[in-house]
Amino acid sequence: MSIASEGFAAVSPAGLVTLLSAPAQVLLDVSHDDVVGADYTRLRASELIEAIGSRLASPSDETTSVCFAFEGRVLHCRIAGIGAQAAHGVAIVVRDDTLLLTQRERSEAVLAGAGDGFVVFTTACEVSYVNPAAIELLGDRATAAVGTKTTLSELLGIENAPLLGEPGAACMTEVTITDPAHRILEVRTSPVIDPAGRDLGCVSTMHDVTAEREAAIMKNEFVSMVSHELRTPLTSIKGYVDLIVDGDAGEINETQREFLEIVQENSDRLVALINDMLDISRIESGRVHLRIEPLEVGDIIQGVADTFRTYAAQSGVDLSQSVPRSLPRMAGDRDRVGQVLMNLVSNAVKYSPGGGSVTVEAHKRGGFVAISVTDTGLGISPENLSQLFTKFFRVDSSLTREIGGSGLGLSIVKSVVELMGGTVSVTSQEGEGSTFTFTVPVAPADLVRTPRVEGPLREGTGTVLVVDHDPEIADLIETYLVRRGYTVVKATSGEQARALALEHRPRLITLDVMLDDADGFDLLQELTDDPETADIPVVVLSVVCDEGRSLRLGAADYLEKPIDQGRLLSVVDGLVGAKDSPLVLVADDDRHILDALSRTLRRKGFSVVGAHDGCEALAAVGVRKPDLMLLDLKMPRVDGYQVIQEIKSHDDTKDIPIVVMTAHRIDSKRIDILKLASEHVCKPFSAEELIERIEEVLGGGGTG
Ligand code: ADP
């Protein structure tokens, strides 16, 4: 085959070949002498003869093309008129496309053989090619789209798919299509640029991930189901062992106590493991409900340090903390930040078998608060460091085997921190110790916490309706509540629950959402809709993570099984007590004062809602109007003067009596505002003095 690739020929209006370039002679396999000056039909290629004939028969200004196989080559001929309306005959450019076509066929064979779908778009958003895999995934739509202007959304059969790169933009996203069949596709769109930098359009690839995603969902559902099935019996095991150890079933001797404590410890371990597995399956399936609020870093660190103080001391570990006073608040979920920190501190103590020190520090890093936990324990080798945050990964050494654990903690830490918008990292020196650091975004100024009402600290009184389909668990909850002083009525079905709620008008209902004859959520909805029962607080108890749904349907709180006795009692006490005792709102930015005041007030039978600044105080008033406000004047964001002004300027809140507490000189320019308050106490004051004032104000109905 010769190297000739493009030739030229001309034919007169009478049909005589007037010119035939050397390459054209090679491509059309004719000699100059045979053809030039002779009729064009002497050319041997029949397709070309036919095309020239029709152009001579109907002269025009158009250029036409014809492509055909000839003598082992693929020839492409363009025929154009010479002069207006081909007055001087036609010119033919003949090109050898053999190589081009072979390459194209090869590329198409590669694309056709690829398992992923390919759709090629031109710069004008026309579909120029779809491979068989794309046709298999998208059906007739894909075939019909070739040669037409089509968007990726139209091609996928999805309306307004978010984040879907249209031709021209590079992006990757996951979409679910239902036509021609249900499929989950990972779609990646990338621009096509030739080596000279010219934009040739773009290509979208579609990778079918249906099987992988469905397997992951099934795995999560399986873990979820198994965990739930385990949780129900564990609720009984743990609950009843706790009762026996606490002496509720009579005296036990030392040996019995020792054995039961082993059962207790192991059931706790099992509960922790199941909780971790459930947590992972929830995180992986996106069923995590976060309550993001501004959090005081120092409070959380203090809480975790208090929890671990005894454990650390028993392990010979010195636990200390260092938090600068000026640290901004972070935007996170209180329980989840606590969970992350507890995991890290627990590991730090656990992996310091020879004692040593564990330090928790916090500092601001850009738009984040970074909390780090440093230990002087075993440390981690560089090769293990990279795998630490992987599920079930544990460093394989005799020491870690002895220490025990599931290898789930750090993978939960990573997922939870990332869910809150932060990151987690670790540095470590084997044999020297490790530092784990996680970050949480700084809370924006307009993120306001709505503080919760806490009921008085006193023994329970009144009737609680316990609804649970499992009589053993109902008995267990009854035991906890009766010990506290409540009277309990129990229902195991929805119908019975409805009847007992109307008959007894309980102070509170605990409701398991799994009932034999009804869906607990329907019952919850009925109870909150019915004016007869609407004001009875309902606490949902469930083995399934239904917090979001429960709270949306009007549950007052949500507790997960296995039930923790302390949590249950504090929630029940809080809700029952909070309902009928006078509510005092305490607003003070000094945490120690706030804590001490809240405790004293609750001991005296008041319900308390504690606010750290004026914003929180106003948010709390919006949720439930307090019977009295104890207000510090100097507070960040919104100060006490502004709170008084705001409260006194609205008809529905202006009658709330306000007792101002201040240690500072009063701002003389704002003295008029202060006159709107009912009372004024100067710090320091004694608790007795304060309670006396409060009782006076409440007794007198307040001024305002
Ligand atoms: P677990 O502690 O239950 O095994 P984690 O996911 O919390 O699971 O930790 C994974 C592994 O990382 C641990 O098994 C341990 O080998 C290692 N590790 C975690 N924290 C530390 C630490 N502070 N010091 C040394 N090794 C650690």
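As a reminder, the structure under discussion sits directly above these lines.
Note that the coordinates shown come from a computational prediction; the quantities given were computed from them, not determined experimentally. (Residues numbered from 1 in each chain as written. Predicted model: local features only at pLDDT ≥ 70, side-chain atom pairs only at ≥ 80, totals over all residues. Heavy atoms only, no water.)

Visitor: Even after reading the chapter, I still don't get the pattern of salt bridges, so can you show me in this structure?
Guide: Think of it this way: side chains of opposite charge can pair up when their charged atoms draw near. Within this structure, the stated rule accounts for 40 salt bridges. With a shortest N-O distance of 3.3 Å, Glu71 and Arg44 are connected by a salt bridge. Taken together, the residues Glu71 in the loop between β3 (63-70) and β4 (73-81) and Arg44 in the loop between α2 (32-35) and α3 (46-57) connect sequence positions 27 residues apart. The salt bridge partner of Asp179 is Arg141, with a shortest N-O separation of 3.1 Å. On the criterion of sequence distance, the pair formed by Asp179 in the loop between β8 (171-177) and β9 (183-193) and Arg141 in helix α6 (residues 140-145) is long-range, its members being 38 residues apart. In this structure, a network of salt bridges that share partners links the residues Glu296, Asp299, Arg329, Arg591, Asp613, Glu616 and Arg637. (Salt bridge = Lys/Arg side-chain N within 4 Å of Asp/Glu carboxyl O. Helix = DSSP H or I, 4+ residues; strand = E, 2+ residues; numbered from the N terminus.)

Visitor: What exactly am I supposed to notice about the sheet that holds β4 here?
Guide: Hydrogen bonds between backbone groups are what pair the strands of a sheet, and the pairing can be parallel or antiparallel. Reading across the sheet, the 5 strands line up as β2-β1-β5-β4-β3 and stay open at both edges, with antiparallel pairing between neighbours. Strand pairing shows two members of the sheet lacking a second neighbour, β2 (17-20) and β3, which therefore form its edges. Averaged over all neighbouring strand pairs, the angle between strand axes comes to 20°, with direction disregarded. Strand direction decides the pairing type here: β4 and strand β5 (residues 90-96), joined by 7 bridges, are antiparallel. Bridged to Cys77 within β5 is Val94. Each of β1 (6-11), β3, β4 and β5 touches α3; the most contacted strand, β4, lies at about 10° to it. (Pairing = 2+ DSSP bridges. Axes fitted to C-alpha atoms, helices over the stretch in contact; angles between N-to-C directions. Contact = heavy atoms within 4.5 Å.)

Visitor: Whenever I open this one, unusual backbone geometry confuses me. Can you help?
Guide: A negative phi angle is the norm for most residues apart from glycine, just as the trans form is the norm for most peptide bonds. In this structure, the amide linkage connecting Asp179 to the following residue, Pro180, adopts the cis form with an omega of 5°. Positionally, Pro180 belongs in the loop between β8 and β9. Positive phi, close to 55°, is recorded for Gln85, a residue that is not glycine. Tracing the chain through its elements places Gln85 in the loop between β4 and β5.

Visitor: Just to check I follow, could you spell out the site of the ligand for this structure?
Guide: Not every one of the 20 residues close to the ligand is listed here, only the nearest: Asn347, Tyr351, Asp375, Arg394 and Leu410. Side-chain polar atom of Asn347 to an oxygen atom of the ligand: 2.8 Å apart, as the coordinates give it. In this structure, Arg394 approaches the ligand through a side-chain N or O atom, which is 2.5 Å from an oxygen atom. Burial of the ligand by the protein amounts to 97% of the accessible area it has alone, namely 540 Å². Mapped onto the shell around the ligand, the elements with two or more residues apiece are α11 (334-350), α14 (409-419) and β17 (433-441). (Near = heavy atom within 4 Å. Polar contact = N/O pair within 3.5 Å; in protein donor to acceptor, adjacent residues only side chain to side chain. Areas by Shrake-Rupley, 256 points an atom, 1.4 Å probe, with all protein chains shown as cover.)

Visitor: Explain the sheet that holds strand β14 (residues 356-365) here, please?
Guide: Taken in spatial order, the 5 strands of this open sheet run β12-β14-β15-β17-β16, and their pairing is mixed. Among the strands making up the open sheet, the edge pair consists of β12 (317-322) and β16 (424-429). Ignoring which end each strand starts from, the neighbouring axes of this sheet average 15° apart. With respect to the sheet, α11 is in contact with β12, β14, β15 (368-375) and β17, its orientation differing from that of β15 by roughly 20°.

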